[in-house]
Amino acid sequence: MYNISINLRNKNWYEDDYGNYAIGHAFINDRLITGEKLIQHIIQGWNENKLEEYFRELNGFFSLIIKRKHSIIASADRLRSFPLYYSLQKGHFYLSDDSDWIQKYAKENKLDDVSKTEFLLSGYVTGSCTLFPYIRQIQAGECIILNNLKQNPVLNTKRWFCFLHNDLEEWNVDELNNELDHVINNIHKRLTLFAQNRTIVIPLSGGFDSRLILTALKRMNIEKVITFSYGRKDNKESLISKNIADTLGFPWYFIEYNNKLWKDTIKSGKLIDFMQYSSGNVSLPHIQDWPSIIYLLEKKIINIDSIIVPGHAGDFISGGHIPHTMFLEKDPNIHRLLGYLIKQNYCLRKWEAFSTEMQERIKNKILKIITGYGNIKTINDLANYFELWDWQERQAKFIVNSVRVYDYFNIKWWLPLWDKEFIDFWLKVPLKLRKGSEFYDNYVITLYSTISGINTNNARRTERTEPVYKGILRKTYNYLPEFINNYRIKRFYLSRIKNHPLNFYSIFDKNELSNYIQNDIYLFNGIFADQYIKHIEKIS
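Residues numbered from 1 in each chain as written. Predicted model: local features only at pLDDT ≥ 70, side-chain atom pairs only at ≥ 80, totals over all residues. Heavy atoms only, no water.

Remarks on the overall build of the chain
Broken down by element type, the chain carries 23 helices and 16 strands. Taking 24 Å as the expected radius of gyration for a compact globule of 540 residues, we find that the chain reaches 23 Å, a close match to that expectation. Taking the principal axes of its C-alpha atoms as reference, the chain extends roughly 70 × 55 × 55 Å. For the chain, the proportion of its 540 residues judged to be buried stands at 55%. The long-range share in the chain, meaning contacts at least 24 apart out of those at least 6 apart in sequence, stands at 71%. If you average the places of the 70 positive and of the 60 negative side-chain charges in the chain, the two averages end up 4 Å apart. (Helix = DSSP H or I, 4+ residues; strand = E, 2+ residues; numbered from the N terminus. Rg over C-alpha atoms; globule rule 2.2 N^0.38 Å. Buried < 20%, exposed > 50% of the residue type's maximum accessible area, 1.4 Å probe, protein only. Contact = heavy atoms within 4.5 Å. Lys, Arg positive; Asp, Glu negative; His and termini not counted. Charge placed at Lys NZ, Arg CZ, Asp CG, Glu CD.)

And the structure:
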């Protein structure tokens, strides 16, 4: 019989009398459940042999661990928003929300070469892997089931949700627009039900996602809302953010990211502790919100009863990550998908900096994952599987991992643009309307213009707004030879070192930074990933 060890670090886990665990909240038909009711919902599904169906009914952010006489089931939600890790070896099964705990007790010290290289190139580890070869992660929309505990345990995985499109064959733009408006109302009603009259705090960017959330709350006459932005003084994004908050009539706070703030943050020592807490040996820690949350807590602008509502990830869900050149493909196939994935995701440093053998090992790992998606015969297939990868790997492991900042300070959060109803809507929207997020952007612009009373040209402004000629020029970049594009991109990022809007590069020692640049590692996340890997190797 295997020994079972479960260790849960997050204090918000609920445990019932039978050793079952739940964390987070979910809606079922607009009824909010948590704790015991979450557990009972899944037990009922298990008893009725409808486990996947019962998981799909849940609309929210959660993880669950259910124990039966001879079995254990553990599951993440659609977004892996409360990560779980496991290891099955040497007569022992370890399960935890803390991969460092598993590493310690499983005595797993050597990093996996492919995972390490993936992390250096992308900022995360793909598939069910982690940086350590015998520690696994439960992926988004997935559950693991360990059966036959008394004899020879068998571990199986089940995928109960997948981000796959089933586009409408017949559609009307006006009808879809009206349906989207109805969906937006519903997802923000659920946000307010979750908030229960607590203050909603929105990290307000200059883009469309957080603007949509704030505008929807304004339309609903929700008053207990504050916003904040951060970065260098007078950075473009924060100025637009302030204008949006002022126009809609909500309080706005700004946290200046100067050299002193970052130096003090590093010296405090707390940042290192947070990075260990948040990475899970899977993702590059998200630190850009860190100084802001500390400031807002210290100034008593927010407290642990506040609800933080970031704008992840309307731009992705609505099609904004699909490369423009993909729509011109003449021979869509799995190798073209592989090329797009490497170009878009494995780019924190030069791909050629690694050996041909390592490049092939990473390619083979990616191919093994995407071969399971299905056949690629059309541009629709190509875009569909490109987004499936983005959801499973980048969104669920890298982008959404930013909420660990809020978890660290025990502040609740909600992601309305990852609401099940919002996802289901976009999974049927035709690719033609998702191209460049045009349909979504136009909806947000129209709603913001209507609610704020400003004209659509001003409502369209974001931190990326540029003269028409620059927009035309930018579209040509995709068709330039790769070496010209690489040179152009390098010049752009080198110019940002001294004036990065978040003042990120002030974190690094100047001589150290110079050495990285000489070795063609100049993206902040590329440098950060390298330093974090060195830190992990040092303490392992």
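So, unusual backbone geometry
Residues His312 and Ala313 are joined by a peptide bond in cis, for which omega reads -10 degrees. With respect to the secondary-structure elements, Ala313 resides in the loop between strand E15 (307-308) and helix H11 (314-317). Of note in the backbone geometry, Asn197 takes a positive phi value of approximately 70 degrees without being a glycine. Summarising the element assignment, Asn197 is placed in the loop between helix H5 (173-195) and strand E12 (200-203). According to the relative accessible area criterion, Asn197 is exposed, its value standing at 60%. Of note in this structure, Lys300 is not a glycine but carries a positive phi near 60 degrees. Position of Lys300 relative to the elements: it lies in the loop between helix H10 (290-298) and E15. With relative accessibility at 73%, the residue Lys300 sits in the exposed group.

A word on the nonpolar core
With 178 residues, the main nonpolar core has Phe55, Leu58, Leu64, Phe163, Ile287, Trp418 and Phe422 as its most contacted residues. If one sorts the elements of this core by residue count, helix H14 (residues 379-399) sits on top with 10 residues. (Core = buried A, V, L, I, M, F, W, Y, C linked by side-chain atoms within 4.5 Å.)

Focus: empty space enclosed by the protein
Going through the model one piece at a time under the given rule, you end up with two cavities of 30 Å³ or more. In this model, the largest cavity occupies a volume close to 140 Å³. If you go around the largest cavity, you meet 14 residues; those closest to its centre are Arg9, Asn10, Pro83, Asp97 and Arg404. Looking at the lining of the largest cavity, the elements with two or more residues in it are helix H9 (270-279) and helix H15 (404-408). (1 Å grid on protein atoms, 1.4 Å probe; cavity = no way out; pocket = protein on both sides within 12 Å on 5 of 7 lines; lining within 4 Å. Points joined across faces, edges and corners; volume = space filled by probe spheres on them.)

Description of the pairing of E12
Side chains Ile200 and Ile202 of E12 all project onto a buried face; the interleaved residues Val201 and Pro203 project onto the opposite face, where all are buried too. Sheet topology note: the E12/strand E13 (residues 225-231) ladder contains four bridges and is parallel. Each bridged residue has a counterpart across the sheet, and for Ile200 the counterpart in E13 is Val225. For the segment spanning E12, helix H6 (residues 209-219) and E13, crossover handedness is right-handed. Pairing between E12 and E15: two bridges, direction parallel. Residue pairing for E15: Val201 is matched across the bridge by Ile308. (Pairing = 2+ DSSP bridges. Right-handed = clockwise from strand over helix to strand, strands pointing away.)

Focus on the state of the cysteines
Under the definition given, this model contains zero disulfides. Note on Cys129: no disulfide assigned, nearest cysteine sulfur contributed by Cys162 at a separation of 17 Å. Taking relative accessible area as the criterion, Cys162 reaches 28% and is therefore assigned partly exposed. (Disulfide = S-S within 2.5 Å.)

Focus on the pattern of salt bridges
Pairs can form between side chains of opposite charge once their charged atoms are near each other. Within this structure, the stated rule accounts for 22 salt bridges. Of the charged contacts, one joins Glu52 and Lys158 as a salt bridge, the two residues approaching to 3.7 Å between their closest N and O atoms. Here the residue Glu52 occupies a position in helix H2 (residues 51-57), and Lys158 occupies one in strand E11 (residues 154-159), the gap between them amounting to 106 residues. (Salt bridge = Lys/Arg side-chain N within 4 Å of Asp/Glu carboxyl O.)

Here's the deal with the packing of aromatic side chains
Following the criterion strictly, the structure yields 39 aromatic pairs and no others. Where Phe161 meets Trp391, the ring centres are 5.5 Å apart and the plane angle is 85 degrees; that geometry is what we call edge-to-face. One end of the pair, Phe161, is in the loop between E11 and H5; the other, Trp391, is in helix H14, with 230 residues separating them in the sequence. With relative accessibility at 9%, the residue Phe161 sits in the buried group. (Phe/Tyr/Trp six-rings, centres within 6.5 Å; stacked < 30°, edge-to-face > 60°.)

A word on a nonpolar patch on the surface
Taken together, the side chains of Leu168, Trp171 and Val173 make up a nonpolar region of the molecular surface, amounting to roughly 230 Å² of accessible area. Relative to the helices and strands, Leu168 resides in the loop between E11 and H5. (Patch = residues over 30% accessible without salt bridge, like charges linked within 9 Å, V, L, I, M, F, W, Y side chains within 5 Å. Areas by Shrake-Rupley, 256 points an atom, 1.4 Å probe, with all protein chains shown as cover.)

Some words on the pairing of strand E3 (residues 21-28)
In terms of burial, E3 is a largely internal element, seven of the eight residues being buried. By the bridge criterion, two bridges tie strand E2 (residues 14-15) to E3 in an arrangement that is antiparallel. Within the sheet, the bridge partner assigned to Tyr14 lies in E3 and is Ala22. In this antiparallel pair of consecutive strands, E2 and E3, the connection spans five residues, and Gly19 shows a positive phi of 80 degrees. Of the pairings in the sheet, the one linking E3 to strand E5 (residues 59-67) comprises seven bridges and is antiparallel in character. Within E5, the position partnered with Ile23 by the bridge is Ser63. Both E3 and strand E4 (residues 31-34) contribute to a ladder of four bridges, which runs antiparallel. Paired with Ile28 across the strands is Arg31, a residue of E4. The turn linking E3 back onto E4 is made up of two residues, and Asn29 within it adopts a positive phi angle of 50 degrees.

Re the environment of Arg80
Inspection of the secondary structure assignment puts Arg80 in the loop between strand E6 (72-76) and strand E7 (85-89). A relative accessible area of 2% places Arg80 in the buried class. Ignoring sequence-local partners within four residues, the contact set of Arg80 consists of Tyr85, Gln137, Ile138, Ala140, Val282, Ala396 and Lys397. A distance of 3.5 Å separates the side chain of Arg80 from the side chain of Tyr85, its partner in a polar contact. (Polar contact = N/O pair within 3.5 Å; in protein donor to acceptor, adjacent residues only side chain to side chain.)

Some thoughts on the sheet that holds E7
Across a sheet, strands are paired by hydrogen bonds formed along the backbone, either parallel or antiparallel in direction. Taken in spatial order, the four strands line up as E1-E8-E7-E9 in an open sheet, and their pairing is mixed. Since the sheet does not close on itself, it has two edges, and those belong to strand E1 (3-7) and strand E9 (136-137), each with one partner. Looking at chain direction, E1 and strand E8 (residues 92-96) are connected through five bridges and run parallel. In the strand pairing of E8, Ile4 is matched with Phe93. Relative to E8, helix H3 (residues 99-106) is tilted by about 155 degrees, and along the sheet it contacts E1, E7 and E8. (Axes fitted to C-alpha atoms, helices over the stretch in contact; angles between N-to-C directions.)

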